[in-house]
Amino acid sequence: MTTKSAAAAARATVYGYPRQGRNRELKKAVEGYWKGRVTADALRATAAELRRTNWLRLADAGIDEVPTGDFSYYDHVLDTTVMVGAIPERHRAAAANDALDGYFAMARGTQEVAPLEMTKWFDTNYHYLVPELGPDTVFTADSAKQVGELKEALALGLTARPVLVGPVTYLLLAKPAPGVPADFEPLTLLDRLLPVYAEVLVDLRAAGAEWVQLDEPALVQDRTAAELNAAERAYRDLGGLADRPKLLVASYFDRLGEALPMLAKAPVDGLALDFTERAAANLDALASVGGLPGKRLVAGVVNGRNVWVNDLAASLSTLGTLLGLADRVDVSASCSLLHVPLDTAAERDIEPQILRWLAFAEQKTAEVVTLTRGLARGTDAIAADLAANRADLASRTRSPVTRDPAVRARASAVAETDGRRSPSYAERAAAQRAHLGLPLLPTTTIGSFPQTGDLRAARADLRAGRIDTADYEERIKAEIQEVISFQEKTGIDVLVHGEPERNDMVQYFAERLTGYLATQHGWVQSYGTRYVRPPILAGDISRPEPMTVRWTSYAQSLTEKPVKGMLTGPVTMLAWSFVRDDQPLGDTARQVALALRDEVNDLEAAGTSVIQVDEPALRETLPLRGADRAGYLDWATEAFRLTTSGVRPDTQIHTHMCYAEFGDIVQAIDDLDADVISLEAARSHMQVARELAAHGYPREAGPGVWDIHSPRVPGAEEMAALLRDGLKAIPAERLWVNPDCGLKTRAWPETRASLEHLVTAARTIRDEL
Ligand code: GLN
Ligand code: ZN
């Protein structure tokens, strides 16, 4: 190990790049193809052009080794499924007929066949398609996409490194195929899968790959000894292959933990590790195994999933430490840049000074290159960059945007008791019963009603100046009138105003809170061709004025029935935004919670006696490592209680979450101290009700009886049957009747019919009691 030559040889690289193109060309081409307006050839040509543009851009910026194979028409895990030939039985015919149509059939389903299930890629907001495997799965290698894209990059004269989802992560992310027993473990297929990976690796070597990267982010999660053994076996096998390329095993999103010593000893040629804050333990762990003598280390020092400028001096110092630990140290972003927007330069509405605090994919690439130069040639070579970076970081620290004394004073004065409601739940429940006078099995909805094309057009018209605010508000009021009168007519007990004024449940509030930034072009891929523009939580959070009170009060003025106030909770406000990296998440959550607390209190003061605070993101933000979970749940539940604990005992606090599997956070849900919770349950036949009961959950609950994810209208008897099931777990005094989730994606006809059936079902069961 010679530190000096390791430094001089340092190279810049990244693992992946935003796919969609500067003007979201990929989205347009893929959706055009689906509609038959774009031919397959035209789609392929657009994709090839996007790849070429990205590679050349990376190379121009100074990236020495570009990634290939990270591009995808839809999702890179689905691409891996194709690569290993694990196409589900039901999609075989389509795939055999036309590979591209078969691919999209797996992604989106067709009239005849259901798509693969989609779920979150670790704790990011990117969704992948879950491989479906079983004891009968036969893997076959299809290296065409990987080889083809490598050749494209090589033809441009670039040094290129194919990036693949590693075999262990692929299997750990898979689930048993339909019809396969639920306890089937896809990892048992490893021995069958490895020869297929071997074949792909040999093909890539033959096509000119010196290095191939195998991504194993699943190894940053808690893994059993058996899983770690499987990973060890996988890399012993692949490492022992003849005619193989050099292997770089990459991990990101957290620390490797017990997998680090195993991978350090494995017969592979390099490791790519995350050295950003949440994975900081990798540094000591690497030192304690004696580094990676004889191996290449790719150091992910630029955070690939936040939007903030790097602290270049701090990263250089990390890189300096790493120099003593490997034969060769290269510099990268911590993970694929897929998770961040493309370019800050496209933003015109953000103050120039604040824009300098931000780094999107292009800026992060430049940071990687600068750091590589600093590592190779010494800090003098990048003195100007370091000085500018120091100034930007200082301006961020000193800015009144990030340091609002009033917000800080209030947050630090919060006492534990501020987040506690008194009296106890049981006494509150009695007070609420008296105050609200609801029937048994009260009916309600989750908040939103259909977001019609009309509403979206009105919003677009307002933005474009075709209508003024007064016109727009008339439209919203008309919508609220319709929603209220429909609910009254249908006989729903606790009404909602329908959320017609909200474009999105996080963005709406972000636009009304000080401290949040909105981007014009900050698109990131959520899944397939769906891109979102998460707001950026940049500064201290305050609420200049009430955000929802007007609409809720207006709705309440139209009816004698209680109208439920509707807010997005603090954890979800963080989870679906880019968050600050300059203070603990819990501190940010507390600021948001205090702002929302004012809104809750104002709603109550305006006469709202039921207030719902949605926390659909509570579970998905759970840290990847079990050891970190208690700390997270502490601040997350505290933030919810701080939001909701300023109200009178007879004001009823609801919360809502949209998932059916939550066994591991029932205690946390109890700790929210909400009076009523609504959850997704229709598809799992009220499983959540049984889980709540098993936990001894003492509060009221509304396990959903209508799966709102499809246009299907469930019959009243079907919902009544679900309610009878629910009653076996939750007594009638504590059972609510509601859909699984909000209705914004539904159309009016099925909404009307389904809600009428829902009320009929509730009445039927009340009569049976
Ligand atoms: N109140 C929101 C709605 O009804 C909740 C959405 C959600 O749970 N994701 O749309
Ligand atoms: Zn929901």
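Keep in mind that what you see is a predicted model, and the values were worked out from it rather than measured.

1. Details of the UniProt feature "binding site: L-methionine" (unreviewed entry) in the protein
UniProt records the feature "binding site: L-methionine" (unreviewed entry) for Ile446, Gly447, Ser448, Glu499 and Asp614 in the present numbering. For the annotated residues, spread through 169 residues, the largest C-alpha to C-alpha distance comes to 12.9 Å, consistent with a single compact locus. Among the structural elements, Ile446 can be located in the loop between helix H18 (425–436) and helix H19 (453–464). Exposure remark for Ile446: the 27 C-beta atoms within 10 Å place this residue in the buried category. Among residues more than four places away in sequence, those in contact with Ile446 are His656, Ser678, Asn738, Pro739, Cys741 and Gly742. Mapped onto the fold, Asp614 is located in strand E17 (residues 610–614).

2. Some words on the nonpolar core
Leu297, Ala299, Leu319 and Val329 are the most contacted members of the largest nonpolar core, which has 215 residues in total. Ranked by residues supplied to this core, first place goes to helix H24 (residues 585–605) with 9 residues. Contacts of Leu319, omitting those with residues within four sequence positions, involve Ala299, Val301, Val329, Val331, Leu371 and Leu375.

3. Digging into the pairing of strand E10 (residues 292–302)
By the criterion of burial, E10 is predominantly enclosed, with 9 of the 11 residues buried. Two elements, strand E9 (residues 270–274) and E10, share 5 bridges in a ladder whose sense is parallel. Bridge pairing in E10 places Asp274 opposite Gly300. Each parallel crossover has a hand, and the one from E9 via helix H12 (residues 281–288) to E10 is right-handed. Between the parallel elements E10 and strand E11 (residues 326–333), the chain passes through helix H13 (residues 312–323) in a crossover that is right-handed.

4. Quick notes on the site of ligand 1
Inspection of the region around ligand 1 gives 13 residues, with Ile446, Gly447, Ser448, Pro616 and Gly742 positioned closest. Counted by class, the shell around ligand 1 contains 6 nonpolar, 4 polar and 3 charged residues.

5. Notes on the environment of Glu768
Mapped onto the fold, Glu768 is located in helix H29 (residues 748–768). With 44 residues separating them in the primary sequence, Glu768 and Arg724 have C-alpha atoms 9.8 Å apart.

6. A word on unusual backbone geometry
Cis geometry is adopted by the peptide bond preceding Pro423, which originates at Ser422 and carries an omega value of 0°. Checked against the element boundaries, Pro423 lands in the loop between helix H17 (405–412) and H18. In this structure, Phe122 takes a positive phi of about 50° despite not being glycine. Turning to its location among the elements, Phe122 is positioned in the loop between strand E2 (118–120) and strand E3 (127–129). Since 19 C-beta atoms lie within 10 Å of it, Phe122 is described here as partly exposed. You will see that Met686, though not glycine, has its phi angle at about 70°, which is positive. Mapped onto the secondary structure, Met686 falls in the loop between strand E19 (676–679) and helix H27 (687–695).

The rules we used
Residues numbered from 1 in each chain as written. Chains lettered and ligands numbered in written order. Predicted model: local features only at pLDDT ≥ 70, side-chain atom pairs only at ≥ 80, totals over all residues. UniProt positions renumbered as here; feature names shortened; annotations may be inferred. Helix = DSSP H or I, 4+ residues; strand = E, 2+ residues; numbered from the N terminus. Buried ≥ 20, exposed ≤ 12 C-beta atoms within 10 Å, placed from the backbone. Contact = placed C-beta atoms within 7 Å. Core = buried A, V, L, I, M, F, W, Y, C linked by C-beta atoms within 7 Å. Pairing = 2+ DSSP bridges. Right-handed = clockwise from strand over helix to strand, strands pointing away. Near = placed C-beta within 6 Å. Nonpolar A, V, L, I, M, F, W, Y, C, P; charged D, E, K, R; others polar.

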